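Secondary and tertiary structure notes
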Amino acid sequence: MRAGAGWWSGVIAIDGPAASGKSTLARRLSEELGLAWLDTGAFYRAAALAVLRAGGDLDDEKGAVGVVGRRVISQDGGRTFLDGEDVETEIRTPRVTEAASKVAVLPGVRDIMVQSQRRWVEERGGSAVVEGRDIGSVVFPDAPLKVFLTADSDERARRRLAELGHAPEASAVQESLTRRDRKDATRATSPMRRMPDAVEINTTDLGPDEAVGRVLGLVRATRAAR
Ligand code: DC
């Protein structure tokens, strides 16, 4: 489509569980539509890294809020920055991945993340492709287009293994995904859930091109209806 900046305005919210294809879809959409792309999971990962580096306790909300509230987390060109330092590689390690799902449970940390994510989008004129777990429900509940991605857990484990580029026990990867999904979906504050106005797309048997094509179709239809 390569519609160019200005063709679409507002947030396109992409929510769904780990390894459902959110990042690939969000990045490709942002390229096609000339929009900024925000990966909010990376914000939780950077927050967890800040707490780990400070030697903090990941279950101590007050302590974690104290650490995260003093840090600046941002993203640019698909890379994530903590106080200006590029931490994109470090936040993808298994240690930070597990820590992120712990700090994401803390309401005080979520408040800080939601504010900085909204500010990030505002600074880019209010239009962006934003991926996460609570984008359509909490961060941008008025987003004109909400997509909820799913995929079977076997397929998601296969994708995560391929992404890791090495071969840890397949069962360990699946176990970790399942544990994180359960935590994300059952936490008291902003659990991951599909909003009634979100369009669900199951990517188990869809290649990235097909998934992008489907969402571009939704983008066109949403724009025509506005
Ligand atoms: O998408 P991801 O795997 O990079 O996300 C890292 C963690 O952050 C994961 O446990 C879910 C959590 N998260 C969240 O609670 N809310 C978001 N909007 C994005 C991610």
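Look up: the structure comes first, before these words.
The following paragraphs examine the structure supplied in this document. Only a predicted model underlies this, so the values are computations on that prediction, with no experimental measurement involved.

1. Here we look at empty space enclosed by the protein
Evaluation of the coordinates by the stated rule reveals one cavity of 30 Å³ or more. Here the largest cavity defines a volume of roughly 40 Å³. Lining the largest cavity are D15, G136, S137, K146, V147, F148, R193, M195 and A198. Put simply, the parts of the chain that give the lining of the largest cavity at least two residues each are helix 6 (135-139) and strand 7 (145-150). Top element by residues in the lining of the largest cavity is strand 7. It accounts for three residues. When the residues that make up the lining of the largest cavity are grouped by side-chain class, the tally is four nonpolar, two polar and three charged.

2. Remarks on the sheet that holds strand 3 (residues 73-76)
The strand order across the open sheet formed by three strands is 3-4-5, and the pairing between neighbours is antiparallel. What marks the edges here is a single partner per strand, and that holds for strand 3 and strand 5 (85-86). Bridge count between strand 3 and strand 4 (residues 79-82): four bridges; the pairing is antiparallel. Pairing of Q75 across the sheet is with T80, part of strand 4.

3. Overview of the pairing of strand 1 (residues 11-15)
With five of its five residues buried, strand 1 lies for the most part within the structure. Residues of strand 1 alternate between two faces, with V11, A13 and D15 on one and I12 and I14 on the opposite face, all of them buried. Bridge count between strand 1 and strand 6 (residues 128-132): five bridges; the pairing is parallel. Its bridge partner being in strand 6, D15 is matched across the sheet by G132. Of the strand pairs in this sheet, strand 1 and strand 7 are connected by four bridges, and their pairing is parallel. Note on strand 7: the bridge partner recorded for A13 is K146.

Basis of the calculations
- Residues numbered from 1 in each chain as written.
- Predicted model: local features only at pLDDT ≥ 70, side-chain atom pairs only at ≥ 80, totals over all residues.
- Heavy atoms only, no water.
- 1 Å grid on protein atoms, 1.4 Å probe; cavity = no way out; pocket = protein on both sides within 12 Å on 5 of 7 lines; lining within 4 Å.
- Points joined across faces, edges and corners; volume = space filled by probe spheres on them.
- Helix = DSSP H or I, 4+ residues; strand = E, 2+ residues; numbered from the N terminus.
- Nonpolar A, V, L, I, M, F, W, Y, C, P; charged D, E, K, R; others polar.
- Pairing = 2+ DSSP bridges.
- Buried < 20%, exposed > 50% of the residue type's maximum accessible area, 1.4 Å probe, protein only.

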